[in-house]
Amino acid sequence: MEKRRELYRGKAKTVYATDDPGLLVMHFRDDTSAFDGIKVSQLEQKGETNNRINAYIMGKLGAAGVATHFVRLLNERESLVVSLKMIPVECVVRNVCAGSMAKRYGIAEGTRLPEPIFEFFYKSDALHDPLVNDDHIRILGWANARDIAEMKALTLRVNQVLKPLFADAGIELVDYKLEFGHAISDPTGPLLLGDEFTPDGCRLWDLSTEEKLDKDRFRRDLGSVIEKYREVATRIGVPLQ
Ligand code: TMP
Ligand code: ASP
């Protein structure tokens, strides 16, 4: 496999083509962004930490039957992934009320939910990722009804795998965001989980102290951001350098 030209530079990752049109290199940078790119900073060791955490979680999800774009770790900061045509929506599952849901409905952050709540957001930094429903997605043509149902089912299935995985390490999976797409080599094939699963895209609280161990440490200027990401990695058994 040969790495070729840069295809896309996102807020925290850069994607490169390879000599195989169906495969991409995903490079995790140290850049950290929040509030849709308004707050940006470089955090030392973030790229390598998130690359390792993502590889570990994607491996666990794959083993549990959730198909993902992850192929293998390439080096400290890079992973080989299947090239996907992404659906421009973000799938969020919440086990505990926090973040935008707490603000939107005036509910205290930390309120336990009797069942997981699923939400779709339209992926647009310019619009600050507005909340949308199935009709918006289907009628505006972002995904068909089958893919909408499948995104929901897969995102909830991920909860069944990851909630206990984190709980075994004394960590509460408060909420998380997933993105899906179809392989460009198989556009009518199954949906694959794309993007990443790292503490950048979820909320993780210590089960006994409720200490935040995720990107809210950066958003809210709590400090020790990467130290806590690395603590999560160690606690769930991710090998770090
Ligand atoms: P929210 O409370 O801001 O709606 O976010 C819910 C979860 O989804 C939280 O863990 C952060 C994650 N998320 C992202 O990583 N990126 C996004 O663009 C959005 C909307 C949420
Ligand atoms: N993930 C989004 C961003 O990078 C939202 C956030 O993290 O606050 O802007």
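That block above? That's the structure.
Fair warning: this is a prediction, and the values are worked out from it, not measured in the lab.

### Things to note about a nonpolar patch on the surface
Phase 1 of the analysis: The grouping of Tyr105, Ile107 and Leu131 at the surface amounts to a nonpolar patch, some 260 Å² of accessible area in total.
Phase 2 of the analysis: Examined against the element boundaries, Tyr105 turns out to sit in helix α2 (residues 99-105).
Phase 3 of the analysis: Look at Tyr105 and you get partly exposed, because its relative accessible area is 47%.

### Considerations on the side chain of Asp206
Phase 1 of the analysis: Along the chain, Asp206 falls in strand β15 (residues 202-206).
Phase 2 of the analysis: Within the local environment of Asp206, its side chain forms a polar contact with the side chain of Arg235, the two groups lying 3.0 Å apart.
Phase 3 of the analysis: Residue contacts for Asp206: discarding those within four places in its chain leaves Gly170, Glu211, Leu213 and Arg235.

### Concerning the nonpolar core
Phase 1 of the analysis: With 40 residues, the main nonpolar core has Ile57, Phe120, Met151, Leu162, Phe166 and Phe197 as its most contacted residues.
Phase 2 of the analysis: Elements that contribute at least two residues to this core include exactly α1 (46-63), β9 (89-96), β10 (112-122), α4 (145-167), β12 (171-178), β14 (191-193), β15 and α6 (225-236).

### With respect to the site of ligand 2
Phase 1 of the analysis: As a matter of local geometry, ligand 2 sits amid Lys11, Ser33, Ala34, Phe35, Asp36, Gly37, Lys215 and Arg219.
Phase 2 of the analysis: Side-chain polar atom of Ser33 to an oxygen atom of ligand 2: 3.0 Å apart, as the coordinates give it.
Phase 3 of the analysis: With respect to ligand 2, the side chain of Lys215 contributes an N or O atom lying 2.9 Å from an oxygen atom.
Phase 4 of the analysis: The protein chains hide 77% of the 260 Å² of surface that ligand 2 would expose on its own.
Phase 5 of the analysis: When its residues are assigned to classes, the shell around ligand 2 shows two nonpolar, two polar and four charged.

### A closer look at the packing of aromatic side chains
Phase 1 of the analysis: Within the structure shown, the criterion is met by four aromatic pairs.
Phase 2 of the analysis: Centre to centre, the rings of Phe118 and Phe120 are 4.7 Å apart; their planes meet at 85°, and the pair counts as edge-to-face. Phe120 matches Phe118 in its accessibility class, with the two residues each being buried.
Phase 3 of the analysis: Summarising the aromatic geometry, the rings of Tyr176 and Phe197 are spaced 5.9 Å apart at their centres and angled 50° between planes, so their arrangement reads as tilted. With a gap of 21 residues between them, Tyr176 in strand β12 and Phe197 in the loop between β14 and β15 connect regions that are remote in the sequence.
Phase 4 of the analysis: The class of Tyr176 is buried, set by a relative accessible area of 1%.
Phase 5 of the analysis: Every member of this aromatic cluster is reached through a ring pair, and the members are Phe166, Tyr176 and Phe197.
Phase 6 of the analysis: Just above the ring of Tyr16 sits the side chain of Lys3; from NZ or CZ to the centre is 4.1 Å.
Phase 7 of the analysis: For the cation-ring pair, Lys39 lies above Phe218, with the distance from its terminal atom to the ring centre recorded as 5.0 Å.

### Notes on the pairing of strand β5 (residues 39-42)
Phase 1 of the analysis: As judged from the four bridges shared by strand β4 (residues 31-34) and β5, these two strands associate in the antiparallel manner. Looking at β5, one finds that Asp31 is bridged to Gln42.
Phase 2 of the analysis: Where β4 folds back onto β5 in an antiparallel hairpin, the turn is made up of four residues, including Phe35, whose phi is positive at roughly 55°.

Parameters and conventions
Residues numbered from 1 in each chain as written. Chains lettered and ligands numbered in written order. Predicted model: local features only at pLDDT ≥ 70, side-chain atom pairs only at ≥ 80, totals over all residues. Heavy atoms only, no water. Patch = residues over 30% accessible without salt bridge, like charges linked within 9 Å, V, L, I, M, F, W, Y side chains within 5 Å. Areas by Shrake-Rupley, 256 points an atom, 1.4 Å probe, with all protein chains shown as cover. Salt bridge = Lys/Arg side-chain N within 4 Å of Asp/Glu carboxyl O. Helix = DSSP H or I, 4+ residues; strand = E, 2+ residues; numbered from the N terminus. Buried < 20%, exposed > 50% of the residue type's maximum accessible area, 1.4 Å probe, protein only. Polar contact = N/O pair within 3.5 Å; in protein donor to acceptor, adjacent residues only side chain to side chain. Contact = heavy atoms within 4.5 Å. Core = buried A, V, L, I, M, F, W, Y, C linked by side-chain atoms within 4.5 Å. Near = heavy atom within 4 Å. Nonpolar A, V, L, I, M, F, W, Y, C, P; charged D, E, K, R; others polar. Phe/Tyr/Trp six-rings, centres within 6.5 Å; stacked < 30°, edge-to-face > 60°. Lys NZ or Arg CZ within 6 Å of the ring centre and 35° of its normal. Pairing = 2+ DSSP bridges.

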